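Architecture and fold: a report
If you want the building blocks of each chain, they are given just below.
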Amino acid sequence: MVLSAICAVAVVLYAWGMDAAGWGNPYYSAAVKSMSASLTDFVFGSFDPLGVVTVDKPPMALWPMVASAAVFGYHGWALLLPQVLEGVAAVFLLHRTVRYWAGEHVALLAALIFALTPVTVAINRDTNPDTLMVLLLVAAAYALTRSVHRPIEHRPIEHRPIEHQPGQPGRATRWLLLAAAFLGLGFVTKILPAWIVVPVFALAYLVVSPAPVRRAPSCKAMDGNPARVVHRSGNTVGACAPVRTHSGFTVQYEESTTEFVCPCHGGVFDARTGRVLQGPPPLPLPSIAVQVVNGQIRVRG
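Heads up: these notes are all about the structure in this document. (Residues numbered from 1 in each chain as written. Predicted model: local features only at pLDDT ≥ 70, side-chain atom pairs only at ≥ 80, totals over all residues. Heavy atoms only, no water.)

Here we come to the overall build of the protein chain. Tallying secondary structure elements over the protein chain gives ten helices and ten strands in all. For the protein chain, buried positions account for 44% of its 301 residues. Summarising the internal contacts of the protein chain: among those between residues at least 6 apart in sequence, 59% fall at separations of at least 24. When the accessible surface of the protein chain is totalled, it reaches about 15700 Å², and 66% of it is carbon and sulfur. (Helix = DSSP H or I, 4+ residues; strand = E, 2+ residues; numbered from the N terminus. Buried < 20%, exposed > 50% of the residue type's maximum accessible area, 1.4 Å probe, protein only. Contact = heavy atoms within 4.5 Å. Areas by Shrake-Rupley, 256 points an atom, 1.4 Å probe, with all protein chains shown as cover.)

As structure tokens, then:
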């Protein structure tokens, strides 16, 4: 409800007097008129109807305006309408992003401050490409957040494993690739300014992501490889190598579900048997033969 109210306030601020706001930036508004003439002019962002000169930025930010003009006619408010929608979408996505990091109340505050920031209001009432670029950067931040904050799904271990398709990336990887795609689209919107966030994104991913390279193995087998010992039943114990056979990444143990979880691709293994409970890993974790001698667990060799 509160978020809906913030988005409604954003709509009012960005769209107020839109029918009398004129053409925004006349340079880009004129390009929209020319880009509506032919598919070639549309794709390359032609400034003139003959397609001799292109605009000074990639054309992606102008494409929604061309589409709006095709539907509603070539009017000033029709060109500004996509800017309003993109601005409100950025407010909504910022809330969703911050909520993963700091909770609902901080997310609502962030969305409100972003929606009311004067430069945000000004740029969303114009036909400059900054509006779409900001939306794409916020979307990239959201996708990056989802890639490093993957909630672990707790399930009974007797559930059947999900079918695996070789080469299919895991959920975390898909979100990370989506973040990269949004950054690429930002480049197609306003070139290098869209990549100013890349160093920060990279640092955040290295610090926050549960990367396996930062996980020390709990113990080692006689051959020097990491090993995990798991109590099975009674006096019986078992061990398996917590390193995925197809990628070499170290999995993490979830004691509450007796499962190993791969933080990179989202694979889940039964810690007591090593079998795959959820893809994408195609192979189980390698078993290690152990025995209990005088109360000590030893690797058979």
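Next up on the list: the packing of aromatic side chains. Inspection of the entire model under this criterion finds eight aromatic pairs. Here the aromatic rings of Tyr100 and Tyr142 are separated by 6.3 Å at their centres, their planes lie at 70°, and the arrangement is edge-to-face. In this pair, Tyr100 is assigned in helix H5 (residues 76-102) and Tyr142 in helix H8 (residues 130-148), connecting sequence segments 42 residues apart. Take Tyr100: its relative accessible area is 30%, and that puts it in the partly exposed class. The structure contains a cluster of three or more aromatic residues connected by ring pairs, namely Tyr27, Tyr28 and Phe47. (Phe/Tyr/Trp six-rings, centres within 6.5 Å; stacked < 30°, edge-to-face > 60°.)

A few words on helix H6 (residues 104-116). Taking 1.5 Å of rise per residue, the 13 residues of H6 would be expected to cover 18 Å, and the 18 Å separating its terminal C-alpha atoms lies within 8% of that figure. Contacts made by the buried residues of H6 are with helix H1 (2-15), H5, helix H7 (118-123) and H8. (Expected span 1.5 Å × (residues − 1).)

The subject of this paragraph is the pattern of salt bridges. What the rule picks out here adds up to three salt bridges. Asp56 is the salt-bridge partner of Lys57, the closest N and O atoms lying 3.1 Å from each other. Lys57 sits in the partly exposed class, given a relative accessible area of 22%. Glu104 is the salt-bridge partner of Arg99, the closest N and O atoms lying 3.8 Å from each other. In this structure Glu104 comes out as partly exposed when scored by relative accessible area, which is 33%. (Salt bridge = Lys/Arg side-chain N within 4 Å of Asp/Glu carboxyl O.)

Those residues of helix H2 (residues 26-35) that fall on the buried side of the exposure criterion are Tyr28, Ser29, Ala31, Val32, Ser34 and Met35. In this structure, the buried residues of H2 make contact with helix H3 (39-44), helix H4 (63-72) and H5.

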